[in-house]
Amino acid sequence: MNKEFEFYHGIVFSKLIHFSKTPITIKRFPTAGNASYILNEGIGLFIKHSSKRLSPWRFSLQKVHQDEILAMKNFPLEVYLILVCGEDGVVTLTFNELKQILNDVHGDTEWISATRNPRKEYTVKGSDGTLGRKVGKSDFPKKIFEAKRKKQTYKLQHYSWSD
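Residues numbered from 1 in each chain as written. Predicted model: local features only at pLDDT ≥ 70, side-chain atom pairs only at ≥ 80, totals over all residues. Heavy atoms only, no water.

1. Some remarks on the pairing of strand 6 (residues 89–94)
Move 1: In terms of burial, strand 6 is a largely internal element, five of the six residues being buried.
Move 2: Note: strand 5 (residues 78–85) against strand 6, six bridges, orientation antiparallel. Counted as the bridge partner of Ile82 is Thr92 from strand 6. (Buried < 20%, exposed > 50% of the residue type's maximum accessible area, 1.4 Å probe, protein only. Helix = DSSP H or I, 4+ residues; strand = E, 2+ residues; numbered from the N terminus. Pairing = 2+ DSSP bridges.)

2. Details of unusual backbone geometry
Move 1: Here the amide bond leading from Ser55 into Pro56 is cis, since omega sits at 0 degrees, within 30 degrees of zero.
Move 2: Tracing the backbone shows Pro56 in the loop between strand 3 (43–50) and strand 4 (57–62).
Move 3: Pro76 follows Phe75 through a cis peptide bond whose omega is 5 degrees.
Move 4: Mapped onto the elements, Pro76 comes out in the loop between helix 2 (63–74) and strand 5.
Move 5: Here the phi dihedral of Asn40 falls at roughly 50 degrees; this positive angle occurs in a residue that is not glycine.
Move 6: Inspection of the secondary structure puts Asn40 in the loop between strand 2 (36–39) and strand 3.
Move 7: What makes Asn40 partly exposed here is its relative accessible area of 28%.
Move 8: Located in the positive-phi region is Arg119, a residue other than glycine, with phi close to 60 degrees.
Move 9: Tracing the chain through its elements places Arg119 in the loop between strand 7 (109–115) and strand 8 (123–126).
Move 10: Here Arg119 falls in the exposed class, since its relative accessible area comes to 79%.

3. Section: the packing of aromatic side chains
Move 1: Within this structure, the stated rule accounts for five aromatic pairs.
Move 2: Seen from their ring centres, Phe13 and Tyr37 are 4.9 Å apart, and the 85 degrees between their planes marks the pair as edge-to-face. With Phe13 in helix 1 (residues 4–19) and Tyr37 in strand 2, the pair connects residues that are 24 residues apart, well separated along the chain.
Move 3: Judged by its relative accessible area of 9%, Tyr37 is buried.
Move 4: Each ring, one from Phe29 and one from Phe75, has its centre 5.3 Å from the other, and the planes form 80 degrees; the classification is edge-to-face. Taken together, the residues Phe29 in the loop between strand 1 (26–28) and strand 2 and Phe75 in the loop between helix 2 and strand 5 connect sequence positions 46 residues apart.
Move 5: Given a relative accessible area of 48%, Phe75 falls into the partly exposed group.
Move 6: The cationic tip of Arg58 hangs over the ring face of Trp111; the distance from NZ or CZ to the ring centre is 4.4 Å. (Phe/Tyr/Trp six-rings, centres within 6.5 Å; stacked < 30°, edge-to-face > 60°. Lys NZ or Arg CZ within 6 Å of the ring centre and 35° of its normal.)

4. Quick notes on the sheet that holds strand 7
Move 1: With respect to topology, four strands assemble into an open sheet ordered 4-7-8-9, the strand pairing being antiparallel. At either margin of the open sheet sits one strand with a lone partner, and together these are strand 4 and strand 9 (129–130).
Move 2: In this sheet, strand 9 lies alongside strand 8 in antiparallel orientation, the contact comprising two bridges. Residue pairing in the sheet places Gly126 in a bridge with Gly129 of strand 9.
Move 3: Those strands touched by helix 2 are strand 4 and strand 7, and its axis lies near 80 degrees from that of strand 4. (Contact = heavy atoms within 4.5 Å. Axes fitted to C-alpha atoms, helices over the stretch in contact; angles between N-to-C directions.)

5. Looking at the nonpolar core
Move 1: In terms of nonpolar packing, the biggest core is built from 26 residues, with Val91, Leu93, Ile112 and Val124 touching the most fellow members.
Move 2: If you list the elements that add at least two residues to this core, you get strand 4, helix 2, strand 5, strand 6, helix 3 (95–101) and strand 7.
Move 3: In terms of residues, this core owes the most to one element, strand 5, which gives four residues.
Move 4: In this structure, Val124 is in contact with Val91, Leu93, Ile101, Ile112, Ser113, Thr130, Leu131 and Val135, ignoring residues within four places of it in sequence.
Move 5: Within the second largest apolar cluster, 17 residues are counted, among which are Phe13, Ile47, Val90 and Ile144. (Core = buried A, V, L, I, M, F, W, Y, C linked by side-chain atoms within 4.5 Å.)

Structure below.
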């Protein structure tokens, strides 16, 4: 029997594959959990899902989840929290955006809430604050691949040949 998380993680993987113009690699991040992955050897993805049909969607993050996200950041990976909001869409948060709503003090259980009115963007709040901007439905997976492309372009522009 399929587990619920497999269905929601499949949504994430399908969107990543269909968006990318080049082959991608996905593998598990080496932890006991079932929510963290490494994309293209340099991007950490931590996936949470809510099966609730309508807004608001709430996500609980245990201390162990936040510790795992921090471990991915220290690996070092460029880390994204992926929130699958039922059948509505996917919210993508960078590590820095996550820190705006959940600070560095990891409580036993903290929460994130994503709210979206019809034809609007997501408002994201957490136990420790509100994200300073709205998140669009179309941000995923574009946000992940564009950030990686910008980082690669920056490295190429600042690389110097030595004799």
